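Okay, here's what each chain looks like letter by letter:
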Amino acid sequence: MGTTDMDVAIRELAGRVRGPVLTPGDDGFEHELAGFNVATHHTPAVVVGAEDAQDVAAAVRFAAAHDLPVAVQATGHGAVLAFDRGVLVGTRRMQHLSIDPERRLATVGAGVKWRKVIDAAAPHGLGTLNGSSSDVGVVGYTLGGGLPVLGRTFGFASDRVVAADVVVADGSVVHVTADSEPELFWALKGGKASVGIVTSLTFELVPVAEIYGGGIFFPGEAAPEVLDAYRSWTHDLPDAMTTAVGLLRLPDMPSVPEPLRGKMVTHLKGAFVGDPAEGEALVAPMRAVAPAIADEFRVMSYTEVDTIHHDPEVPLPFRETVALLEDLTPEAVAGILAVAGPGVNTPLMMADLRHLGGALGRGPAADAVGARDALYSLFFLGLMVPPVAEAVPGALVAAVAEMAPYTTGRTFVNLHGTPASEEDRARAWPQDTYRRLRAVKHRFDPEDRFRFAHSVSPLPLPS
Ligand SMILES: Cc1cc2nc3c(=O)[nH]c(=O)nc-3n(C[C@H](O)[C@H](O)[C@H](O)COP(=O)(O)OP(=O)(O)OC[C@H]3O[C@@H](n4cnc5c(N)ncnc54)[C@H](O)[C@@H]3O)c2cc1C
């Protein structure tokens with residue numbers, strides 16, 4: 001086979017960047033694409049394993065010169081849609097991390113996962129606004145708002161963003177702060193970065209070394225009592241307590257602890273920031289709801305935060321979606337039980353009800369986070385494994401449709417799952433926010449170079 005202009009251009013690109021530049025068939029190509037959600041298989045024309053911002057910029061300039069779309073991947077936790085041509089920029093080599101304990105700031109490279117920041121911040125008595133799994137990437141999570149384990153106490157992770165370096169569509173690197181680039185800054189905080197590739201992110205840490213946290217595993221059959229009690233309990237909880245209830249159908253696999261293997265369980269989980277005695281007193285009424293299979297609430301170092309939600313640590317094939325609730329009424333509880341309660345035959349593995357509000361509802365004066373006005377989120381997940389795989393996508397749609405009378409009709413971009421259409425993608429933000437995101441996109445990426453997953457399409461605001 002002869003050498004094409006594109007082959008020559010790719011070879012030149014490889015000469016300009018420090019990381020690997022790989023095409024289908026090259027050794028390491030598939031490894032470079034691999035991520036946490038193995039249900040999604042990307043098939044780009046080129047993958048660039050970026051080492052630094054200059055590598056990212058070179059990849060974006062290459063894509064612009066050849067009119068190719070660009071996608072970015074750090075960990076693949078958010079791989080909701082396959083990217084099937086163009087240039088995929090892998091950021092996992094971009095592992096810079098610095099902590100400024102005096103100013104309580106962290107600066108991370110695009111490939112850094114939460115675990116690394118948690119461990120680096122802890123010796124300074126500081127904590128982070130990570131979500132349920134510290135294996136998730138800091139940048140992708142934060143750009144989507146970032147709903148943290150300590151959310152009601154400290155707000156969304158994106159509320160704490162101070163600065164970012166972003167490679168925009170022409171391949172230039174823009175330093176973004178609230179003052180230098182207010183529109184880009186606004187869009188980065190919850191807009192899921194339709195506008196470029198973030199190479200470095202600076203954000204505030206929080207003064208948390210220890211929490212009273214963990215969870216209680218109740219039997220699956222206790223779900224009606226637990227959810228009913230949870231409804232009134234969460235109506236009165238202080239902002240210092242952030243909690244959730246998961247209805248879980250655990251697989252019959254050796255990685256699941258014996259008493260829970262192959263069973264349905266009701267998992268109350270949460271974290272309290274403050275005097276542990278107060279946290280324990282707050283949890284007491286929930287302890288009394290039903291006999292527990294296991295009770296893990298305790299005083300813990302913040303470094304143990306992953307033991308609250310017990311998210312899976314190994315790559316899995318899955319599909320997900322989320323709905324937002326303005327309130328948790330008895331009717332909404334009945335709705336959840338009808339979709340995922342005991343005795344219901346569903347291919348979905350998990351329904352996870354999170355209590356929002358508190359600092360999540362307040363936030364900064366302006367940003368692109370779409371879930372401010374919801375008081376609860378209801379997340380559904382199904383494993384794409386036989387024999388249920390084929391039924392999972394339909395069951396996700398049906399679960400949200402059944403919950404429709406109790407939800408706002410909107411979603412939260414980080415947990416939205418696979419966008420079915422532009423209309424569906426738009427549900428991740430209030431209409432005004434979505435329109436403004438499209439206008440920012442039009443200003444910084446009018447040709448829609450960054451075209452993947454949740455990125456919105458460019459459209460100027462009507463004059
Ligand atoms: C086990 C698990 C637990 C989770 N828990 C929570 C939670 O508690 N709270 C919550 O809010 N979310 C949670 N999520 C969702 C998670 O925040 C999103 O999937 C997020 O997109 C993951 O980012 P990533 O970089 O790790 O993933 P990737 O798949 O690598 O990236 C996902 C997307 O992030 C964006 N992105 C990544 N890097 C960059 C970059 N450098 N520049 C621009 N855009 C970028 C892109 O849109 C990309 O498509 C969870 C997901 C999983 C699988």
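All of these numbers come straight from a predicted model, not from anything done at the bench.

**As for the sheet that holds strand 4 (residues 87–90)**
Pairing is mixed in the open sheet, where four strands are placed in the order 1-2-4-3. Taken across any chain shown, the strands that pair with only one partner, and hence form the sheet edges, are strand 1 (21–22) and strand 3 (70–73). Across four bridges, strand 2 (residues 46–49) lies against strand 4 in parallel orientation. Residue pairing across strands places Val48 opposite Val89, the latter belonging to strand 4. Across the sheet, helix 3 (residues 53–65) touches strand 2, strand 3 and strand 4, and the angle it forms with strand 4 is around 175°.

**Some points on the environment of Val48**
As for its placement among the helices and strands, Val48 is situated in strand 2. Residues Val48 and Thr266, 218 residues apart in the sequence, show an inter-C-alpha distance of 43 Å. With residues near it in sequence (within four places) discarded, Val48 still touches Leu13, Val17, Pro20, Val21, Asp55, Ala59, Val87, Leu88, Val89 and Gly90.

**Observations regarding the site of the ligand**
Close to the ligand lie 34 residues, the nearest being Ala74, Thr75, Gly137, Leu147 and Lys192. A distance of 3.3 Å separates an oxygen atom of the ligand from a polar atom in the backbone of His77. One nitrogen or oxygen atom from the main chain of Ala79 is found 3.5 Å from an oxygen atom belonging to the ligand. Burial of the ligand by the protein amounts to 95% of the accessible area it has alone, namely 950 Å². Where the shell around the ligand is concerned, the elements lending two or more residues are strand 3, helix 5 (138–143) and strand 9 (197–204).

**Considering the sheet that holds strand 5 (residues 97–100)**
Taking strand neighbours across the sheet as the criterion, the five strands line up as 5-6-9-7-8 in an open arrangement whose pairing is antiparallel. Both outer strands of the open sheet, strand 5 and strand 8 (173–176), are each paired with one neighbouring strand and no more. Across the sheet, the mean angle separating the axes of adjacent strands is 10° when strand polarity is ignored. On top of the sheet, helix 4 (residues 114–121) reaches strand 5, strand 6 (105–109) and strand 9; it is set at about 35° to strand 5, its chief contact.

**Thoughts on the packing of aromatic side chains**
The full count for this structure, using the stated rule, is seven aromatic pairs. Between the aromatic rings of Tyr212 and Phe297, the centroid separation amounts to 5.9 Å while the plane-to-plane angle is 20°, which identifies the pairing as stacked. Of this pair, Tyr212 sits in strand 10 (residues 210–219) while Phe297 sits in the loop between strand 13 (294–295) and strand 14 (298–301); the two residues are 85 residues apart in sequence, bridging distant segments of the chain. Each of the two residues, Tyr212 as well as Phe297, counts as buried. Taken together, Trp114, Tyr141 and Phe203 form an aromatic cluster joined through their ring pairs. Positioned over the ring face of Trp186 is Arg436, at 4.0 Å from the centre of the ring.

**A few points about the pattern of salt bridges**
Any two side chains of opposite charge can pair, on the condition that their charged atoms come close. Tallying each qualifying case throughout the model produces 27 salt bridges. The shortest N-O distance in the salt bridge between Asp239 and Arg152 comes to 3.6 Å. Taken together, the residues span a long stretch of sequence, with Asp239 in the loop between helix 8 (223–235) and strand 11 (241–249) and Arg152 in helix 6 (residues 151–154) at a distance of 87 residues. What makes Asp239 partly exposed here is its relative accessible area of 29%. Residue Asp448 is joined to Lys441 by a salt bridge in which the shortest nitrogen-to-oxygen separation is 3.1 Å. Summarising the burial analysis for this pair, Asp448 and Lys441 share the class buried. Among the charged side chains, a salt-bridge network with shared partners connects Asp67, Glu447 and Arg449.

**Points about unusual backbone geometry**
Cis rather than trans, the peptide bond between Pro386 and Pro387 has omega equal to 5°. Within the secondary structure, Pro387 is located in the loop between strand 17 (376–383) and helix 13 (392–403). Even without glycine at this site, Asp67 takes up a positive phi of about 50°. Inspection of the secondary structure puts Asp67 in the loop between helix 3 and strand 3. Classification of Asp67 as exposed rests on a relative accessible area of 54%. Its identity is not glycine, yet Asp448 carries a phi of approximately 60°, on the positive side. Summarising the element assignment, Asp448 is placed in the segment after helix 15 (431–444).

**Points about the packing of helix 8 against helix 11 (residues 330–340)**
Look at helix 8 against helix 11: their axes get within 10 Å of each other, and the N-to-C directions meet at 150°. Considering their axes alone, helix 8 and helix 11 lie roughly antiparallel with respect to each other. Helix-helix and strand crossings are classified by hand; for helix 8 and helix 11 the assignment is right-handed. Packed against helix 8, whose contacting residues are Ala223, Pro224, Leu227, Asp228 and Arg231, the element helix 11 presents Pro330, Val333, Ile336 and Leu337 at the interface. In terms of residue class, the contact of helix 8 with helix 11 is built from seven nonpolar, no polar and two charged.

**Focus: the side chain of Arg438**
Positionally, Arg438 belongs in helix 15. One polar contact links the side chain of Arg438 to the main-chain carbonyl oxygen of Ser457, over a distance of 2.8 Å. Ignoring anything within four residues of it in the chain, the contact list for Arg438 reads Val456, Ser457, Pro458 and Leu459.

**Thoughts on the domain arrangement of the protein chain**
Split into domains, the protein chain comes out as domain 1 (5–90), domain 2 (97–207 + 431–444) and domain 3 (210–415). Counting residues at the interface gives 13 residues for domain 1 and 13 residues for domain 2. When domain 1 packs against domain 2, the two sides together hide about 910 Å² of surface, and 77% of this comes from carbon and sulfur. Its largest share of buried area at the contact with domain 2, domain 1 owes to Val60, Thr75 and His77, together 40% of the area lost on that side. Linking domain 1 to domain 2 there are two residue pairs in polar contact (both at pLDDT 80 or more). Of all the secondary structure elements, the ones that give two or more residues to the side of domain 1 that touches domain 2 are helix 3 and strand 3.

How each quantity is defined
- Residues numbered from 1 in each chain as written.
- Predicted model: local features only at pLDDT ≥ 70, side-chain atom pairs only at ≥ 80, totals over all residues.
- Heavy atoms only, no water.
- Pairing = 2+ DSSP bridges.
- Helix = DSSP H or I, 4+ residues; strand = E, 2+ residues; numbered from the N terminus.
- Contact = heavy atoms within 4.5 Å.
- Axes fitted to C-alpha atoms, helices over the stretch in contact; angles between N-to-C directions.
- Near = heavy atom within 4 Å.
- Polar contact = N/O pair within 3.5 Å; in protein donor to acceptor, adjacent residues only side chain to side chain.
- Areas by Shrake-Rupley, 256 points an atom, 1.4 Å probe, with all protein chains shown as cover.
- Phe/Tyr/Trp six-rings, centres within 6.5 Å; stacked < 30°, edge-to-face > 60°.
- Buried < 20%, exposed > 50% of the residue type's maximum accessible area, 1.4 Å probe, protein only.
- Lys NZ or Arg CZ within 6 Å of the ring centre and 35° of its normal.
- Salt bridge = Lys/Arg side-chain N within 4 Å of Asp/Glu carboxyl O.
- Parallel < 35°, antiparallel > 145°, perpendicular 65-115°, else oblique.
- Left-handed = near helix turned anticlockwise from the far one by under 90°.
- Nonpolar A, V, L, I, M, F, W, Y, C, P; charged D, E, K, R; others polar.
- Domains from an automatic or database assignment.
- Buried area = accessible area lost by both parts, 1.4 Å probe.

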